Amino acid sequence: NCTLEQYMQQNKPVSFEHKCKLVQSVCEIVMHMHELGMTHGDLKPSNFLCKQWNGVQIKLGDIDTSLCRITECVAEHRITRGTLAYMAPERLHARL
């Protein structure tokens, strides 16, 4: 088990096809969160956890401090901890 950032470093070179599968997994996670009306304020490679078992499974980490409902983030201008360069647009807009 490691972060996506560590996985990419440890498995160089990563083929284009494999990168596409990893990006697809990340997009599915983000899409599912948005379907639930949730946003994560710090989506970055070090906050995705990789588990190698019959391929690579990716899960989102750091949900205790970075997850909130989209409407709360915008309406309440609620910004929790996060990395500015990786911050969700909803939270960045609230910060401005």
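Please refer to the structure higher up on the page.
Residues numbered from 1 in each chain as written. Predicted model: local features only at pLDDT ≥ 70, side-chain atom pairs only at ≥ 80, totals over all residues. Heavy atoms only, no water.

**Considerations on the overall build of the protein**
When helices and strands are counted, the protein shows five helices and five strands. Listing each helix as α and each strand as β along the protein from the N terminus yields β-α-α-β-β-β-α-β-α-α. When burial is assessed residue by residue, the protein has 30% of its 96 residues classed as buried. In the form shown here, the protein has an accessible surface area of approximately 6,500 Å², with 56% of it arising from carbon and sulfur atoms. (Helix = DSSP H or I, 4+ residues; strand = E, 2+ residues; numbered from the N terminus. Buried < 20%, exposed > 50% of the residue type's maximum accessible area, 1.4 Å probe, protein only. Areas by Shrake-Rupley, 256 points an atom, 1.4 Å probe, with all protein chains shown as cover.)

**Some thoughts on the sheet that holds strand β1 (residues 2–3)**
Adjacent strands of a sheet pair through backbone hydrogen bonds, lying either parallel or antiparallel. With antiparallel pairing, three strands are arranged side by side in an open sheet as β1-β3-β4. For this open sheet the edge positions go to β1 and β4 (56–60), each flanked by a neighbour on one side alone. Pairing between strand β3 (residues 48–52) and β4: five bridges, direction antiparallel. Opposite Cys-50, over in β4, you have Ile-58 as the bridge partner. Sitting on the sheet, helix α2 (residues 16–35) touches β3 and β4, and the angle it makes with β4 is about 35°. (Pairing = 2+ DSSP bridges. Contact = heavy atoms within 4.5 Å. Axes fitted to C-alpha atoms, helices over the stretch in contact; angles between N-to-C directions.)

**Notes on the pairing of β3**
Each regular strand displays side chains that alternate between the two surfaces of the sheet. Note that β1 and β3 share two bridges and pair antiparallel. Counterpart to Cys-2 in the pairing with β3 is Cys-50.

**With respect to the side chain of Lys-44**
Within the secondary structure, Lys-44 is located in the loop between β2 (38–40) and β3. In this structure, Lys-44 is in contact with Thr-83 and Tyr-86, ignoring residues within four places of it in sequence.

**As for the nonpolar core**
Nonpolar side chains in soluble globular proteins tend to be buried together. In terms of nonpolar packing, the biggest core is built from 13 residues, with Leu-4, Val-26, Phe-48, Cys-50 and Ile-58 touching the most fellow members. Looking at this core, the elements that each hand over two or more residues are α1 (4–10), α2, β3 and β4. Here this core gets five residues from one element, more than from any other, and that element is α2. Setting aside its immediate chain neighbours within four residues, Val-26 contacts Leu-4, Phe-48 and Ile-58. (Core = buried A, V, L, I, M, F, W, Y, C linked by side-chain atoms within 4.5 Å.)

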